[in-house]
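What follows is the residue order along each chain.
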Amino acid sequence: MPVTIAALNVYPVKSCRGIACERVEVTPQGLAVRGVRDREWLVIDRNGQFVTQREHPRLALVEVDASGGVITLRIPDHEPLQPARGGAVRDVRVWRAQLRGHDAGDESADALSQFLGTHVRLVRFDDSRPRKVNPDYAGTTKATTLYADGYPVLVISQASLDDLNARLAARDVAALPMDRFRPNVVIDGVDAYEEDHIDAIATGAVTFKLVKPCTRCEITTTDQRTGRRSHEPLHTLSTYRRDDRLAGIAFGMNAVVSAGAGSSVSVGDACEATLRF
């Protein structure tokens, strides 16, 4: 089944603003832009617990640039800064995963702490301890990820968002942009929610294997431009997208890179989608 890549996004710092890309590099841990991988950086609290928009929606206002493998943070009311790399190793926890990260220095920590109003630090993923994706879903792919919730790539179809927005309009609710769902790959050419039934998407040497529905949290209710929260889209999605097997509301599919690491993909690329039977 032919599909097209409609949009590509990389989120270098988990829960901060993403980078819309025309072309991305494909790595074993997902997408990368200009040498910086998706969710390679993470904000943590004083105990090493991961910090996201769930607790601090204002993280959506922190812009991130990437160039030559280096990131620049643009925190409101603060001069742009480049976090240090290769600092002291800290223990980090993302859900149940016990990980490690290299501390990014006091300047980044102080700026983010002041902005969020609580003590936090920034770390960069320590590749000496790879993080495997749950084999119950990833199967024999031996996929790994960085600081993502659990999977390195999120795929959503434009048709699914269009259908949701039609349902919101029927409730007199304004349409929502795709950034509410923070996908890495947006596809065109399929019906609404048809990504639920896709096994793999291939383009050139690259294959993304879709392995598990993505259950959604309150981050989807956060306006990514203002940091303000509402009840939508979870209120509407709960009326027709509840997945009892996963005890959550599903929108989009988690995926892994099963082939083609070291290659690249671009917006507009023609792909072949294989359905799951």
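To be clear, the structure that these remarks concern was listed above.
Residues numbered from 1 in each chain as written. Predicted model: local features only at pLDDT ≥ 70, side-chain atom pairs only at ≥ 80, totals over all residues. Heavy atoms only, no water.

1. Regarding the side chain of glutamine 53
And then number 1: Along the chain, glutamine 53 turns up in the loop between strand S7 (50-51) and strand S8 (63-67).
And then number 2: A residue is classified by how much of its surface remains accessible, and glutamine 53, at 0% relative accessible area, is buried.
And then number 3: A polar contact is formed between the side chain of glutamine 53 and the side chain of glutamine 224, at a distance of 2.8 Å.
And then number 4: With residues up to four places along the chain from it excluded, the contact list for glutamine 53 reads Ser15, Leu59, Ala60, Arg182, Ile219, Thr222, Gln224 and Arg229. (Helix = DSSP H or I, 4+ residues; strand = E, 2+ residues; numbered from the N terminus. Buried < 20%, exposed > 50% of the residue type's maximum accessible area, 1.4 Å probe, protein only. Polar contact = N/O pair within 3.5 Å; in protein donor to acceptor, adjacent residues only side chain to side chain. Contact = heavy atoms within 4.5 Å.)

2. A short note on the nonpolar core
And then number 1: Counting residues in hydrophobic clusters, the biggest one holds 48 residues, and the most contacted among them are Val13, Leu73, Val185, Ile201 and Phe208.
And then number 2: Those residues within four positions of phenylalanine 208 in sequence are excluded, and the remaining contacts are Val26, Leu31, Val153, Val185, Asp199, Ala200, Ile201, Ala255, Val256 and Val257.
And then number 3: If you look at the next biggest cluster of nonpolar residues, it comprises 15 residues, including Ile156, Leu176, Leu234 and Phe251. (Core = buried A, V, L, I, M, F, W, Y, C linked by side-chain atoms within 4.5 Å.)

3. Concerning the layout of surface pockets
And then number 1: Estimated volume of the largest pocket: approximately 1000 Å³.
And then number 2: Lining of the largest pocket is provided by 35 residues; of these, Trp95, Ala148, Asp149, Gly150 and Tyr151 occupy positions nearest its centre.
And then number 3: The leading source of residues in the lining of the largest pocket is strand S18 (residues 206-215), at four residues. (1 Å grid on protein atoms, 1.4 Å probe; cavity = no way out; pocket = protein on both sides within 12 Å on 5 of 7 lines; lining within 4 Å. Points joined across faces, edges and corners; volume = space filled by probe spheres on them.)

4. Points about the sheet that holds strand S4 (residues 30-33)
What holds strands together in a sheet is hydrogen bonding between their backbones, with the strands either parallel or antiparallel.
And then number 1: Strand order in this open sheet of four strands is S5-S4-S3-S21, and the pairing throughout is antiparallel. Here the strands that pair on one side only, and so sit at the sheet edges, are strand S5 (36-37) and strand S21 (264-266).
And then number 2: Inspection of the sheet shows S4 paired to S5 by two bridges, in the antiparallel sense. Along S5, the bridge assignment pairs alanine 32 with arginine 37. (Pairing = 2+ DSSP bridges.)

5. Remarks on the pattern of salt bridges
And then number 1: Following the criterion strictly, the structure yields 17 salt bridges and no others.
And then number 2: Where aspartate 149 meets lysine 14, a salt bridge forms, and the shortest distance between an N and an O atom there is 2.7 Å. With aspartate 149 in the loop between strand S14 (144-145) and strand S15 (153-157) and lysine 14 in the loop between strand S1 (2-10) and strand S2 (19-21), this pair connects stretches of sequence that are 135 residues apart.
And then number 3: Residue aspartate 149 is classed as partly exposed on the basis of its relative accessible area of 35%.
And then number 4: The salt bridge partner of aspartate 199 is lysine 209, with a shortest N-O separation of 2.8 Å. Of this pair, aspartate 199 sits in strand S17 (residues 198-203) while lysine 209 sits in strand S18, placing them 10 residues apart in sequence. (Salt bridge = Lys/Arg side-chain N within 4 Å of Asp/Glu carboxyl O.)

So yeah, pure geometry; function would need other evidence.
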